[in-house]
Amino acid sequence: MSTDNSSHWDRLWIGARLATFEAEGDSIGLIEDAALAIRDGRIAWIGTRAQLDQLRWTAKVTTPAEGLCITPGLIECHTHLVHAGNRAHEFELRLRGATYEEIARAGGGIVSTMKATRAATEEQLLEESLPRALAFVGEGVTTLEIKSGYGLDVASELKMLRVGRRLQSKLGITVVNTFLGAHALPPEYAGRQDDYVQLIVDEMLPAVAAEKLADCVDAYHEGIAFTREQTARVFERARQLGLPVRLHADQLSDCGGGALAAQFHALSADHLEYTSTESLERMAKAGVVAGLLPGAFYFLREKQLPPIAQMRSLGMAMAVSSDCNPGTSPLASLLLAMNMACVLFRLTPTEVLRGVTMHAARALGLSDRGVLRAGARADLCVWRLRHPQQLCAEYGVHKPVETLAAGHALPQ
């Protein structure tokens, strides 16, 4: 039980089933016949109904919650949802046998989206991106990470990040902006990859920091993208500017990305299908969250599974995300990604639920959410469920009865 000195609350739910995620180990910290109170955008009190009966309290709104389950707001910690255009034709190419690398080297992939994104105005980019963001919010997402990386020049990267900030204002949720200038090589820098990295270090990152448009920095470290040395240069500059880092690591091959993420104490390293045991051990020691993206695995029809068993044995935190993007995971549904993580990666529902709450929060460097406890931000989802495991097992069935961000109910 957590108590509050004044016991004067904005809202109180009584008789709910609470998934607190406060317990250690393989647990969601379920409390039956419970009560939860909020005040000033924070959780003010949490406990059983019997404990509540021992208190003297008042609440502006009291909600009978019999038959309802309350979880932390869901956290989508890895998306590329701000972009213009689509790459549906690449879906067909892959079905005919084309590989990710073949499509990229032929001018498709990220560069294709870059051209559409550069051509779009900020208003057009906002208009195209809003439906994808709304799809996540409609499933109970209250914290949404969005990467840049489809502009690949100073003006276009800043444009993407401004759209992320505007989405936060429109939606009333938290949007975590991630600068991903080191995503791909723009055509005008063909054969001059080091020069493009210098542009990121000398111009892009300082401009992003000056306008306070990014909350962290990411890079794509892979054989078809940026080398270890180039990625390290980007990360060193980010660190000088006070921005935490994350990494797209070891998706298509073992490039030592996990070890590089550990070296820079990255918040997370994501994908990890080919990460070595040595890299995982370094990640575990450095506290790097493993970001698992089953959507990309599914759409690319990959065969190499991430080393989940080793992650478990090392006690690593595993976050789960949709990787929403126009080419390799055109998936604007965290609930579907949760189901995929169970079916394709054999994660347990409890692991997945922790992966979209407490561990996803950690992957974004946010310590004030992802759990139900006194003092935490009142990002909440209210569901008509017998058990939160149903969110993983029964895709397409469940939507939140109510979603709150910092204590404010979001439009349904």
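A quick note: this is a predicted structure, and the numbers were derived from the prediction, not measured.

Structural notes on the packing of helix 5 (residues 122-137) against helix 6 (residues 154-171)
Then step 1. At their nearest, the axes of helix 5 and helix 6 sit 10 Å apart, and the two run at 50° to each other. In this view, helix 5 runs oblique relative to helix 6, as classed from their interaxial angle. Considering only the axes of helix 5 and helix 6, their crossing is right-handed. Contacts between helix 5 and helix 6 involve Glu122, Glu123, Leu125, Leu126, Ser129, Leu130, Ala133, Leu134 and Val137 from the first element and Lys159, Met160, Arg162, Val163, Arg166, Leu167, Lys170 and Leu171 from the second.
Then step 2. Counted by class, the contact of helix 5 with helix 6 contains 10 nonpolar, 1 polar and 6 charged residues.

Some remarks on the packing of aromatic side chains
Then step 1. A complete count under the given rule lists 8 aromatic pairs for this structure.
Then step 2. Centre to centre, the rings of Tyr298 and Phe299 are 5.1 Å apart; their planes meet at 85°, and the pair counts as edge-to-face.
Then step 3. Exposure remark for Tyr298: the relative accessible area of 45% places this residue in the partly exposed category.
Then step 4. A network of ring pairs unites the aromatic residues Trp9, Trp45 and Trp57 as a single cluster.

Focus on the pairing of strand 14 (residues 380-383)
Then step 1. Burial along strand 14 is two-sided: the face carrying Leu380 and Val382 and the face carrying Cys381 and Trp383 are both buried.
Then step 2. Where strand 5 (residues 69-72) lies against strand 14, 4 bridges are found, and the strand directions are antiparallel. Each residue of the ladder has a partner; that of Ile70, found in strand 14, is Val382.
Then step 3. Sheet topology places strand 14 next to strand 15 (residues 402-405); 3 bridges connect them, and they run antiparallel. When the bridges of strand 15 are listed, Cys381 appears paired with Thr403.

Digging into the pattern of salt bridges
Then step 1. The tally for this structure, following the rule as stated, stands at 27 salt bridges.
Then step 2. Between Arg246 and Asp270 there is a salt bridge, with the nearest N and O atoms lying 3.3 Å from each other. With Arg246 in the loop between helix 8 (228-240) and strand 10 (247-249) and Asp270 in strand 11 (residues 268-271), this pair connects stretches of sequence that are 24 residues apart.
Then step 3. With a shortest N-O distance of 2.8 Å, Arg369 and Asp368 are connected by a salt bridge.
Then step 4. Several salt bridges share partner residues, and in doing so they unite Arg42, Asp368, Arg369, Arg377 and Asp379 into one network.

As for the sheet that holds strand 11
Then step 1. Spatially, 6-7-8-9-10-11-12-13 is the arrangement adopted by the 8 strands of the open sheet, whose pairing is parallel. Of all the strands in the sheet, the pair left with one neighbour each is strand 6 (74-76) and strand 13 (318-320). On average, each strand axis in the sheet is inclined to that of its neighbour by 25°, with strand direction left out of account.
Then step 2. By the bridge criterion, 3 bridges tie strand 10 to strand 11 in an arrangement that is parallel. Bridging across to strand 11, His248 finds its partner in Asp270.
Then step 3. Against the sheet, helix 6 contacts strand 7 (141-147) and strand 8 (174-182), and its axis sits at roughly 170° relative to strand 8.

Describing the layout of surface pockets
Then step 1. In this structure, the largest pocket spans a volume of roughly 460 Å³.
Then step 2. Around the largest pocket sit 25 residues that line it, and Ala104, Val111, Ala184, Leu185 and Ile224 are the ones nearest its centre.
Then step 3. Listing elements by their share of the lining of the largest pocket, those giving two or more residues are helix 2 (88-95), helix 3 (100-105) and helix 4 (110-119).
Then step 4. No other element matches the 4 residues that helix 3 contributes to the lining of the largest pocket.
Then step 5. For the lining of the largest pocket, the per-class residue count stands at 14 nonpolar, 7 polar and 4 charged.
Then step 6. Reported here for the second largest pocket is a volume of approximately 190 Å³.
Then step 7. Every residue lining the second largest pocket is listed: Arg94, Gly97, Ala98, Thr99, Tyr100, Glu101, Leu252, Phe299, Leu300, Arg301, Glu302 and Lys303.
Then step 8. Counted by class, the lining of the second largest pocket contains 5 nonpolar, 2 polar and 5 charged residues.

Observations regarding empty space enclosed by the protein
Then step 1. In total, this model carries 1 cavity of 30 Å³ or more according to the counting rule given.
Then step 2. Empty space within the largest cavity amounts to approximately 130 Å³.
Then step 3. Around the largest cavity, the lining comprises 13 residues; the ones closest to its centre are Tyr100, Ile110, His183, Asn325 and Thr328.
Then step 4. When its residues are assigned to classes, the lining of the largest cavity shows 4 nonpolar, 7 polar and 2 charged.

Cut-offs applied
Residues numbered from 1 in each chain as written. Predicted model: local features only at pLDDT ≥ 70, side-chain atom pairs only at ≥ 80, totals over all residues. Heavy atoms only, no water. Axes fitted to C-alpha atoms, helices over the stretch in contact; angles between N-to-C directions. Helix = DSSP H or I, 4+ residues; strand = E, 2+ residues; numbered from the N terminus. Parallel < 35°, antiparallel > 145°, perpendicular 65-115°, else oblique. Left-handed = near helix turned anticlockwise from the far one by under 90°. Contact = heavy atoms within 4.5 Å. Nonpolar A, V, L, I, M, F, W, Y, C, P; charged D, E, K, R; others polar. Phe/Tyr/Trp six-rings, centres within 6.5 Å; stacked < 30°, edge-to-face > 60°. Buried < 20%, exposed > 50% of the residue type's maximum accessible area, 1.4 Å probe, protein only. Pairing = 2+ DSSP bridges. Salt bridge = Lys/Arg side-chain N within 4 Å of Asp/Glu carboxyl O. 1 Å grid on protein atoms, 1.4 Å probe; cavity = no way out; pocket = protein on both sides within 12 Å on 5 of 7 lines; lining within 4 Å. Points joined across faces, edges and corners; volume = space filled by probe spheres on them.

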